[in-house]
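Fold and geometry: a report
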There are 4 protein chains.
Amino acid sequence: MLVVMKNDATEVQVQAVIREIESWGYRGIPIPGAQRTAVCIVDNTGPVEDSRLLSLDGVKEAIRVTKPYKLVSRETHPQSTIIAIGDIKIGGEEPVIMAGPCAVESEEQALTIAHLVKQYGAQIFRGGAFKPRTSPYSFQGLGEEGLKILKKVRSETGLLIVTEATDHTNIEIVEQYGDIIQIGARNMQNYSLLRRAGRASKPILLKRGFAATIGELLMSAEYIMSEGSTQVILCERGIRTFADNTRSTLDLSAIPSIKEVSHLPVVVDPSHAAGRREYVIPLSKGAIAVGADGLLVEVHHDPSHALSDGMQSLYPEQFEKLMREIESLRR
Amino acid sequence: MLVVMKNDATEVQVQAVIREIESWGYRGIPIPGAQRTAVCIVDNTGPVEDSRLLSLDGVKEAIRVTKPYKLVSRETHPQSTIIAIGDIKIGGEEPVIMAGPCAVESEEQALTIAHLVKQYGAQIFRGGAFKPRTSPYSFQGLGEEGLKILKKVRSETGLLIVTEATDHTNIEIVEQYGDIIQIGARNMQNYSLLRRAGRASKPILLKRGFAATIGELLMSAEYIMSEGSTQVILCERGIRTFADNTRSTLDLSAIPSIKEVSHLPVVVDPSHAAGRREYVIPLSKGAIAVGADGLLVEVHHDPSHALSDGMQSLYPEQFEKLMREIESLRR
Amino acid sequence: MLVVMKNDATEVQVQAVIREIESWGYRGIPIPGAQRTAVCIVDNTGPVEDSRLLSLDGVKEAIRVTKPYKLVSRETHPQSTIIAIGDIKIGGEEPVIMAGPCAVESEEQALTIAHLVKQYGAQIFRGGAFKPRTSPYSFQGLGEEGLKILKKVRSETGLLIVTEATDHTNIEIVEQYGDIIQIGARNMQNYSLLRRAGRASKPILLKRGFAATIGELLMSAEYIMSEGSTQVILCERGIRTFADNTRSTLDLSAIPSIKEVSHLPVVVDPSHAAGRREYVIPLSKGAIAVGADGLLVEVHHDPSHALSDGMQSLYPEQFEKLMREIESLRR
Amino acid sequence: MLVVMKNDATEVQVQAVIREIESWGYRGIPIPGAQRTAVCIVDNTGPVEDSRLLSLDGVKEAIRVTKPYKLVSRETHPQSTIIAIGDIKIGGEEPVIMAGPCAVESEEQALTIAHLVKQYGAQIFRGGAFKPRTSPYSFQGLGEEGLKILKKVRSETGLLIVTEATDHTNIEIVEQYGDIIQIGARNMQNYSLLRRAGRASKPILLKRGFAATIGELLMSAEYIMSEGSTQVILCERGIRTFADNTRSTLDLSAIPSIKEVSHLPVVVDPSHAAGRREYVIPLSKGAIAVGADGLLVEVHHDPSHALSDGMQSLYPEQFEKLMREIESLRR
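Keep in mind that this is a model prediction, so the values were computed, not measured.

Definitions and cut-offs
Residues numbered from 1 in each chain as written. Chains lettered and ligands numbered in written order. Predicted model: local features only at pLDDT ≥ 70, side-chain atom pairs only at ≥ 80, totals over all residues. Helix = DSSP H or I, 4+ residues; strand = E, 2+ residues; numbered from the N terminus. Buried ≥ 20, exposed ≤ 12 C-beta atoms within 10 Å, placed from the backbone. Contact = placed C-beta atoms within 7 Å. Least-squares fit on C-alpha atoms with pLDDT ≥ 70 in both. Nonpolar A, V, L, I, M, F, W, Y, C, P; charged D, E, K, R; others polar. Expected span 1.5 Å × (residues − 1). Arc of directions from axis to C-beta. Domains from an automatic or database assignment. Axes fitted to C-alpha atoms, helices over the stretch in contact; angles between N-to-C directions. Parallel < 35°, antiparallel > 145°, perpendicular 65-115°, else oblique. pLDDT = per-residue confidence, 0-100.

**Notes on the overall build of chain A**
- In terms of regular secondary structure, chain A is built from 11 helices and 14 strands.
- Expressed along its principal axes, the backbone C-alpha trace of chain A runs to roughly 75 × 40 × 35 Å.
- When burial is assessed residue by residue, chain A has 60% of its 331 residues classed as buried.
- Within chain A, contacts between residues at least 6 apart in sequence are counted, and of these 64% link residues at least 24 apart.

Rendered as structure tokens:
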């Protein structure tokens, strides 16, 4: 960390900063400049709380030089993590496609869609049994009944299951029934849920919050990994901006940004970002071309009767087209 | 709701929209225009799921005319809600000042600050025992020990206590020890926690999420109220934008916007928004002038040794100045 | 346009709205709803100024149904525009690659880079002679001398030239020397410059402003086309958001969004969006996969001595790699 | 500037950075840390172009310690600037109120409104003769005829005139007719217009761009001042965010942020930020309480027939109320 002094800071103030740093067991080296002095902190092994320094007289700014995350960092773990579940490898050579409806609505609906997406090449079935909805009056998912349907989907189709846990109570059963536990964007900083997820026996798919920086997403993954988990999949799903052409602005630069600093795999959810099925195919192709390790796509055999997010769900024939186009991109 | 058809929509498509609307028990009235037709939904009493309509062929857009919230709405409850706790009235004539450290660090620290803020005119003491921190390695609060200190603060000073609950387990004890239960910005859409908060016996202070619209903040308050609570205080604390002069951009227009559509009281937290104590006094004055029902301000007797957020905490003498300036604004 | 009345609006207020609409020569059709009345405007051929309606008593909102642009709209011009300059076709089957340095610095620099990008497959040379810089003390470009160098680049390499005009005086000479006139992001709403550009004899490349919606970008293109030009190329170059991993957030959803409503070709500038060369190759591939009609990429043979934007300029060997990877994406 | 090396940077790479710095005539001092080395640049008097350094092998980041602006900076000019025009002092003890319609529509309209706002206490009349409009088909202002009307307003009422110049041609006559030349938000980075404004004989009111940081606003003011002007008034008018309750999000923290680093006066335009007259009074009071040096408010005697922005214009009686409430805040 570099502590920048105000340009009228006195020598006494600089010395007070150095003493404070020394009181923590580190060294502070003064760097006199033409206009102002800075003090460089050395010998520290972890991050330093800047708030104390910033409160000292004469201090203008404290600039972090080292990033605060460890377990998620590529500096500490240079090789990319590959998460293997049965035959499926997330983070490997081939992108992994997770497809299905926003919400599990009935056994018939889930099985119909599952057979279709399996046929066109998806490896993992997505579908929510517990739905976080903006309104308390909207459909909130089938709960455990939905999980039982997902179990049947797996046994009938062989597809793996990714499904969301929204709180302490349902994460227990999601862990039993699912193959990957999803933590949604709204819960990205629900630290208590993250800690519990870090003790789960299954991989975690962590979605980026609407307003989270890459650094914050990685710190949330750090919460999970700090409890012992090594299997975290990150997911870009769009951020809040002023732009009104899509529901959220899909930030595909997140893929190279994350891969530069972290070893964890990253997938993209183009459906929630776009909010409209017309944009899902082009954005999916963009995500794969940018280097995403997979996609999380909404597909519904009858979107006009979907209980949620029908507008952004692909028709099965569109999903087939998507799979073909991704395949030709990949060759 | 108004369903706007594409300009090449066929009559058959328009009729399909009308039949869909009728299948829900409402009426759909076609409105032919020069360039395109729209269908107006009437006879519905609550919100309509637009996703089904948007999925029908020929449909371009669905435009909501009625807002989706009820219990928080001023249309259903025209008088402003006043939350009375003992002698304190939040939402009444006088703004209510909640002041104290970011985190409770020790009995001595809490009591020292509490006596100071009480002396300068605060009515409620703020201080966290459970701290949601971006990093798992940062100080996370004293937990129940912190709550016991807060209880002592109340008995020694007479100040009421507002303190944060971050999950299902700690909300139980926060409800026992505190006078107002705070739900933080990161948990604004933790619906399971909101529902539990709605069953609490104490008023809830709900902070706006970093990326939440006013509509979403109100829907989260609706979650709380839908469980029976009538005592919700909203809190503007800054939103995420590109602007880099403050940690978040304080959106003071939220005050008149909320008061226009909702009867709930609104307070402002200038400390977290600004991220720097230099801006806390001017932003506090702005908040009161705009019409906020109160402030949530960080004060520390020794910010340079605060365990969190020292940079944005007022010195006691600054808090005294703030109280004097607000007083003179009010006269 | 749909005029939504407040839910306590009186019949007299509804009638006043209808009379106002009739005074403009249109018809207003009242649509009574369960909670409120709306008035639909029909028979208008162009956009209606909503401000008058919004000022009438009892009016809650005015909702536009028809978009305000005409000449840029795909509704009025269903076929995609292809801009042919010599053998190059922008908006056709093949993406067009425009590459070169941020600024023309010397004849030697420009020719060196031009020969390299030509060799690897670029069709158009980019390089600024007039540079809009945030600071008045930064290098502002070589001016007309730079344009003369660009002319030499064209005659020596056969590459077409795209270069920026920043005001009324330099657009005259940019028009003489260049093949495509660039209007930069900061000038996207410099309407006087847009009008002048619309009277130029050369195609215009219009960059999206940092904070412009797709609708505003299209309205700025409409300014150009309203002066007679039919040759406008749009350019996505990133928008301002809270995200701090790139300089701007590249909004690749802009491509399908623009193509849905407009017939104009769209290219992408990944260099300015990313701000770092490490992300330029993945974002370029993403842009092509999403459907962009071309790229505007910064390349410099010696980025560490570039007078501006060295950090985001590709090394020639990286540009070669980019061209190869795009080629393999395309097959 | 501090150059941070990657943690695997070699000694040879560090030496190359130092030599590069020395080649500019400055000194580079290496600061070895526990994890990585940084190099501090000293002896430079102005800003350093970081792009060259960032392009050297082994360099991770370059961190600016000194801000790039000079003439606008409070460090170089500690006393706050007061701009005196006749008896009016902008930046002095009293806030200055500029009020009037968005656009000058007719002599009758302008004089009617001017007499009203004068009566209630405004000191400066605002009204546009040249209007930058998003659509080329919207009313663009009366041009020079509008300026003649403004001249008449001044001679009849004694109010000073602030009016916008949008390009090189109209700034000449705006300078003749007006007392303060406004540069609008869309032109905040129209550097050619800024330079011309800096040579004008009248004070300049510079509006913050929709997506401009405080640093960029100050750099644009620096452009004006670098041409010789010492009379620049800054204006906060709202920034683009995801929030949808107002047209733009008014960033009142801009006031203390600007005043901390610059000596220039700052006024606030609550009308364009809010987009709705209901919020103009509270936001105006907030602006004054935060410390703004004045307001730019839209007032119209007949908003429902205004040719632009009727929705956000105050009725005269609302303006009277605003003036009374500000007066009582001030006491």
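**Some thoughts on the relation of the copies chain D and chain C**
- Once chain D is rotated about the relating axis by 180° and shifted along it by 0.0 Å, it coincides with chain C to within an RMSD of 0.1 Å. A rotation of that kind, with that shift, is consistent with a two-fold axis. Of the C-alpha atoms belonging to chain D, the one lying closest to the rotation axis is found on Ala211 of chain D, 2.7 Å away.

**Notes on the interface of chain D and chain C**
- Counting from both sides, the interface comprises 38 residues of chain D and, opposite them, 38 residues of chain C.
- At the level of elements, helix H2 (50–54), helix H6 (191–198) and helix H7 (214–225) of chain D are the ones that each hand at least two residues to the side of chain D that touches chain C.
- Sorting elements by how many residues they give to the side of chain D that touches chain C places H7 of chain D first, with 4 residues.
- A per-class count over the side of chain D that touches chain C returns 15 nonpolar, 16 polar and 7 charged.

**A closer look at the relation of the copies chain C and chain A**
- With an RMSD of 0.1 Å, chain C superimposes on chain A once it is rotated by 180° and translated 0.0 Å along the axis.
- A share of 100% of interface residues in chain C that are also interface residues in chain A marks the association as one of identical surfaces.

**A few points about the environment of Asp167 of chain D**
- Position of Asp167 of chain D relative to the elements: it lies in the loop between strand S9 (160–164) and helix H5 (168–177).
- With 16 residues separating them in the primary sequence, Asp167 of chain D and Ile183 of chain D have C-alpha atoms 9.3 Å apart.
- Residues contacting Asp167 of chain D, with those up to four places away along its chain left out, are His168 and Ser192 of chain C together with Leu193 of chain D.

**Points about helix H3 (residues 107–120) of chain A**
Residues and elements named next belong to chain A.
- Under the 1.5 Å per step criterion, the end-to-end length of H3 is 20 Å for 14 residues, consistent within 8% with the ideal 20 Å.
- Here H3 has its buried residues at Gln109, Ala110, Ile113, Ala114, Leu116 and Val117. Across the axial projection of H3, the buried residues extend over an arc of 165°, all falling on one side.
- Among the structural elements, strand S7 (96–100), strand S8 (124–126), helix H4 (144–157) and helix H11 (316–330) are those in contact with the buried residues of H3.
- Gly121 occupies a position one or two residues after H3 and carries a positive phi of about 115°.

**Points about the domain arrangement of chain A**
- For chain A, the assigned domains are domain 1 (2–63) and domain 2 (83–330).
- Each of domain 1 of chain A and domain 2 of chain A has a C-alpha centre, and these two points are 45 Å apart.

**Looking at the interface of chain C and chain A**
- Taken together, the contacts link 32 residues of chain C with 32 residues of chain A.
- Contributions of two or more residues to the side of chain C that touches chain A are made by helix H8 (254–261) and helix H10 (280–290) of chain C.
- Broken down by element, the residue count for the side of chain C that touches chain A peaks at 7 residues, all from H10 of chain C.
- Each residue belonging to the side of chain C that touches chain A can be placed in one class, and the counts come to 18 nonpolar, 9 polar and 5 charged.

**Observations regarding helix H6 (residues 191–198) of chain B**
All names here are of chain B.
- Of all 8 residues making up H6, 7 are buried, and the element is well covered by its neighbours.
- Within H6 the residues assigned to the buried category are Tyr191, Ser192, Leu193, Leu194, Arg196, Ala197 and Gly198.
- Those residues of H6 that are buried are in contact with helix H5 (168–177), strand S10 (180–183), strand S11 (204–207) and helix H7 (214–225).

**Structural notes on the environment of Thr134 of chain B**
- Counting through the fold element by element, Thr134 of chain B comes out in the loop between strand S8 (124–126) and helix H4 (144–157).
- Classification of Thr134 of chain B as partly exposed rests on a count of 19 C-beta atoms within 10 Å.
- Sequence separation between Thr134 of chain B and Leu307 of chain B is 173 residues, and the spatial gap between their C-alpha atoms is 14 Å.
- For Thr134 of chain B, the contacting residues outside a window of four places in its chain are Glu216 and Met219 of chain A.

**Details of the packing of H6 of chain B against H7 of chain B**
All names here are of chain B.
- Relative orientation of the contacting elements H6 and H7 amounts to 50°, with a least axis distance of 7 Å. The angle between H6 and H7 falls in the class oblique. Each of Tyr191, Leu194, Arg195, Ala197 and Gly198 in H6 lies in contact with H7, whose residues at this interface are Ser220, Tyr223, Ile224 and Met225.

**Some details on the environment of Pro30 of chain D**
Residue and element names in this part refer to chain D.
- One can find Pro30 in strand S2 (residues 27–32).
- Residue class for Pro30 comes out partly exposed when judged on the 15 C-beta atoms lying within 10 Å of it.
- Spatially, the C-alpha atoms of Pro30 and Met188 are 39 Å apart, while their sequence positions differ by 158 residues.
- Residues within four places of Pro30 in sequence aside, it is in contact with Val14, Ile18, Thr37 and Val39.

**Focus on the packing of helix H4 (residues 144–157) of chain D against H5 of chain D**
All names here are of chain D.
- The geometry of H4 relative to H5 is characterised by a closest axis approach of 10 Å and an angle of 10° between their N-to-C directions. Taken as axis vectors, H4 and H5 run roughly parallel relative to one another. Within the contact between the two elements, H4 uses Glu144, Leu147, Leu150 and Lys151 and H5 uses Ile173, Val174 and Tyr177.
- Classifying every residue of the contact of H4 with H5 by side-chain character gives 5 nonpolar, no polar and 2 charged.

**Regarding the confidence of the model for chain A**
- Scored by pLDDT, chain A comes out at a mean of 91, with 95% of its residues at no less than 70.
- Reported confidences for the modelled complex are a pTM of 0.86 and an ipTM of 0.84.

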